[in-house]
Amino acid sequence: MADGPTAASIPPHAFDAQTGVDLERSSRRGWRGRGREWQAVAAAIEAAQHSRGGVLLVEGQSGMGKSRLLCDAVEAAATRGFMLAHGAADEPSRLAPLVPLMTALGESPQTLREGLDAGVETADLRLRLLDRLQNRLEERVARGPFLIALDDLQWADPTTLLALRSIVPELASYPLVWILARTTGIAASGADRVFEILARDGAVRIALEPLSEQAVAEVIGDLLGAAPGPDLLAMTAAAGGNPFLLVELLRGLYDEHAVRAADGRLTLVSRQLPRRMQEIARSRLGRLSPHTRHLLQVAAVLGRSFRVDDLAEMFDEPPSRLLPALEEAESEAVVAAAGDQLTFRHELVWQAVTETVTVPVRHALHRQAAEMLLRRGGSAIPAAAHLMHYARPGDAHALKGLDQAVREVLPSSPQSAADLAVRALELTAPGDPDRVDRTVTAVYALTTCGRLPEAADFARTAMGQADHPGQAARLRSELAYALLLAGRPADAVREAEKALAQPDLTGDKRGLAEQVFLRALYATHDFRRGRELAEEIIDSGRQHSRAARVGARMLFSYLAWGDGHAAEGISHVREAVRIAPRDDVDARRVHPRLHLATLLTEMRRLDEAETQLSQVTEEITEFGQAAYAATPAIFRARLRLAQGRLDDAAAEAQAGLAIADQMGTHAFVLLGHAVLISVAVRRGDLDAAAGHLQRYEERFRAGARFGLAWGRWAVATLDEARDGPARAFETLRPICADPAERRWLLMSEPDAAAWLARTALAAGDRPSAEAVTVTAEQLARENTGFPALAASAAHARGILRGDRVTLAHAAASHPCPWGRASAAEDLGVLLARSRGVHDGAPIEALDRALEGYQRLGALRDAARIRARLRRLGVRRRHWTQSERPVSGWSSLTETERNVAALAAQGLTNPQVATQMFVSPHTVKFHLRQVFRKLGIASRVELARLATEHASEPPRSEA
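The paragraphs below set out a description of the structure included in this document.

Analysis parameters
- For every chain, the first residue of the written sequence is number 1, and numbering continues from 1 onward in sequence order.
- Where totals are concerned, whole chains, interfaces and linings use all residues; where local detail is concerned, this predicted model gives features only for residues with pLDDT of at least 70, and gives and counts side-chain atom pairs only at 80 or more.
- To get the side-chain values, take all heavy atoms of the structure and skip hydrogens and water.
- Between any two strands, at least two bridges found by DSSP are needed for them to pair.
- Helix and strand labels come from DSSP, where a helix needs a run of H or I of at least four residues and a strand needs a run of E of at least two; each type is numbered from the N terminus.
- Working convention: axes come from line fits to C-alpha atoms, limited for helices to the stretch in contact. Angles between N-to-C directions cover 0 to 180 degrees.
- With respect to orientation, any angle under 35 degrees is reported as roughly parallel, any angle over 145 as roughly antiparallel, any angle of 65 to 115 as roughly perpendicular, and every other angle as oblique.
- Should the near helix be turned anticlockwise from the far one by less than a right angle, the crossing is left-handed, and should it be turned clockwise, the crossing is right-handed.
- We call two residues in contact when some of their heavy atoms are within 4.5 Å.
- By this rule the span expected of a helix is its residue count minus one, scaled by 1.5 Å.
- Buried, partly exposed and exposed residues are distinguished by accessible area as a fraction of the type maximum, computed with a 1.4 Å probe on protein chains only: under 20%, between the cut-offs, and over 50%, respectively.
- Aromatic rings from Phe, Tyr and Trp, with only the six-membered ring used for Trp, were paired whenever their centres fell within 6.5 Å, and each pair was classed as stacked if the ring planes differed by under 30 degrees, edge-to-face if by over 60, and tilted otherwise.

**Structural notes on the sheet that holds strand 11 (residues 305-306)**
Spatially, the 3 strands line up as an open sheet ordered 11-13-12, and their pairing is antiparallel. What marks the edges here is a single partner per strand, and that holds for strand 11 and strand 12 (335-338). Across 4 bridges, strand 12 lies against strand 13 (residues 341-344) in antiparallel orientation. If you follow V335 over to strand 13, its bridge partner there is F344.

**Re the packing of helix 25 (residues 489-500) against helix 26 (residues 507-523)**
Close contact between helix 25 and helix 26 brings their axes to 8 Å; oriented N to C, the two are set at 150 degrees. For the element pair helix 25 / helix 26, the angle class is roughly antiparallel. Taken as a pair, helix 25 and helix 26 cross one another with a handedness that is left-handed. Residues P489, A492, V493, A496, E497 and L500 of helix 25 touch helix 26, and the partners they reach there are R510, A513, E514, F517, A520, L521 and A523.

**Looking at helix 14 (residues 290-302)**
The end-to-end C-alpha separation of helix 14 is 19 Å, in line with the 18 Å expected for 13 residues at 1.5 Å each. Looking only at helix 14, the buried set comprises T292, L295, L296, Q297, V298, A299, A300, V301 and L302. Phi turns positive, to about 135 degrees, at G303, one or two residues after helix 14.

**Some remarks on the pairing of strand 10 (residues 265-268)**
A regular strand carries its side chains on alternate faces of the sheet. Along strand 10, the buried face is formed by L266 and L268; none of R265 and T267, which line the opposite face, is buried. Pairing between strand 8 (residues 227-228) and strand 10: 2 bridges, direction parallel. By the bridge assignment, A227 is partnered in strand 10 with R265. For strand 9 (residues 259-262) and strand 10, the ladder comprises 4 bridges, and the chain directions are antiparallel. Paired with R260 across the strands is T267, a residue of strand 10.

**Let's talk about helix 49 (residues 920-934)**
Relative to the 21 Å expected for 15 residues at 1.5 Å per residue, helix 49 spans 21 Å between its end C-alpha atoms, a close match to the ideal helical length. Taken residue by residue, helix 49 has T922, V923, F925, H926, L927, Q929, V930, F931, K933 and L934 as its buried positions. Where helix 49 is buried, its residues touch helix 32 (631-643), helix 33 (646-663), helix 47 (894-904), helix 48 (909-916) and helix 50 (939-948).

**A look at the side chain of E652**
Inspection of the secondary structure assignment puts E652 in helix 33. Here E652 falls in the buried class, since its relative accessible area comes to 0%. Once residues lying within four places of it in the same chain are set aside, the contact partners of E652 are A633, I634, R636, A637, R640, S919, H921 and T922.

**What about the environment of W744?**
In this fold, W744 is placed in helix 38 (residues 739-748). Judged by its relative accessible area of 9%, W744 is buried. Among all residues touching W744, those that are not within four sequence positions of it are H525, F527, Y558, W561, G562 and A709.

**Considering the packing of aromatic side chains**
The full count for this structure, using the stated rule, is 8 aromatic pairs. Judged by centre distance (5.7 Å) and plane angle (15 degrees), the rings of Y558 and W744 are stacked. Taken as a pair, Y558 in helix 28 (residues 546-562) and W744 in helix 38 lie far apart in primary sequence, 186 residues in all. Per residue, the accessibility class of Y558 equals that of W744, and both read buried.

Nothing here speaks to function; it is all geometry.
Below is the structure:
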């Protein structure tokens, strides 16, 4: 017999007196042949007892035994002292955010939201809800092994799926077992994508395939007490290896006395397929009284699980009057108790009972259920599940319910709100006066959840149906914002400009359109075009909305930056930060503090940039700005690159791009891909850099433009590494030839000045090298308060003029480690050419460059320096090979040891991040590195090793 749950683990069973069949044991034996699947579950539970987490993805067609597998996993974990959470999604509740997870945890979604709505208005609560949910889970699992089993995730709401996609990887180092199950072949859903992502990240995928012939024989013998003969095995092939159908078939044969035992074998008396297999629901319902049949048909419309109170109200009777019928349904194994509800014993039974109700009657019952739920007051979300598919066009009462449900669900599940809003629009007559408002709501919801092409299509379609220009202008404003978030700023400019041309657009709506217009202009670098409007807004003062004034200040900041005036640019954006509204959700459509952090990073004021990014992260979560959820990580990646922390830069960029993918907003992703290109080039991994370039170009072709100038410099560094300086300079020649573009690039990336000068000279283009150097020197003279620009100019001038004094100054004064190492390298090269190999000065300079590059992990640059030293007769070993092993405690860097020490003390990733003044993304990256090097997978194992090595002195990063 194949391995499976042991008989000792099986609880007392219900016995069907009418048929003599042990119903509970029958359903359990229906997957007893699944030894391989159970072994995977048992292994995960065993690993969690040793403090290792795991993720199991269970999937198969209805009736394949996934629910039974989950129940037995819960029972097995319970006997081992696990904390447990067991829940399921269902179709009627798929509009309610986080219900499966919160129900499993014994809480309601409302408790998770307590306190979140106080104070500032928040458009999108998802970030705060997920943050709070993760903290709660982390607190629980820190106390011991935990198993979370969630079933029927094909019906899960989008926020639940987002939570799983986000939180499951974050808690991978805890003794937490996730068993996530879904039924395939029912409907396409977001669960498909979540399962793919989790499987790619290492989750074990369990596909419940049809039972083998041997497993079928084992089930028959287990259920009917003897081995099957060939004729019975042939008959059971009708079940297709589906455990549920197999048990139903065997019960049918038993009921109809169509099987008998002879000589230790079961043979068929009749070869006719049992009636229950011809029609499962009707055969089972056929034994019920008419009243019970009708009651179950109405119950099936309410959902697979239903409340007795709801059923009683549908019949307009007290619950006590339903008691005999409900007892009959339970005794016939049609329904069973599940918490405070009743549930159909199997999804196939529920579906089959539902299909016994004709479509017109089903629609009428759904409408009755919706009206019943709306009459109660309170939340409209439960009623919306019925209204979504069964309301009639023009039904004012149904539309009112859908409108209310949209408002309720929008903050915590914009995806569900978008579905509801779109359905409400489909039910709205063309001449309905509320149609434009519903369209604006739909566009807003679609934009918020990242379905930007749909948002744009709805807005464009509705503009042609608007009754007056003001409505069309309002829709154009929403369209412009959606296009901006989609990374299509040029299209956003055109739509916002058309909106502003409408005289009926006034007040805050005009202010928002002005803000989007100005924001889109500086995303396209078309600053001059908006100067007149920005000046009018600033001169008029409070006559314009704060949203418009923020947009104007941001434009002026970009204008100043483009003119090479750093202090003025930073001053304007500081004012934008000061006046940015905190009490207006719609007006917070740009984020000036994010721009301030960017400018501070570019001027290498890195400590203040770090502080601003921390505040940005808090504000985005507090205000519910999901459209900006990815930006702190992406912009922090660029900050880490400037700091020379390549591993952290890559971790932040990857995290930011993953969040952008989750949220469906890609306006800033070029920066993330460009950071990954730069990191890979400095490490010497040109294949990885080429892969990042491919994704960069895909996003560029899709319309993304933000950060394009800096991104082109990153791409040029890859061109230089692969194809030499001539090819690299061709990439940047258009920028170098345009004084404005050249000035912008050198303001955005001070390290680019020396690189461009060196590359132009190597490509034989001295005039371009001269132009770059002149621009760098001009910027340094006009911005004396910014040492980064002075060091950049000195570095470029030293390369162009062959001036060792200037290069030595640059090597000492560069505020960033890569710039210092690069200047030291250029100094060493110059000294070697001018002084000869017997002078120690070039070797000393190159050694400083080598040490600097090695500290950064810039392996390609370090390899180039070692090659230069070899030509001077000096050999330097690779420090990581000679001084640090590749695994074990001694292989950990100082940063990794610090992360390990704090995690070993029981701190969560956010707590470690707070202690170390880094982001949780960085902590997670380093923790993965620690686990890999130590060959462990849990914090408990880490704590043991940390205790063993606590007395060892910290190892230098160098």
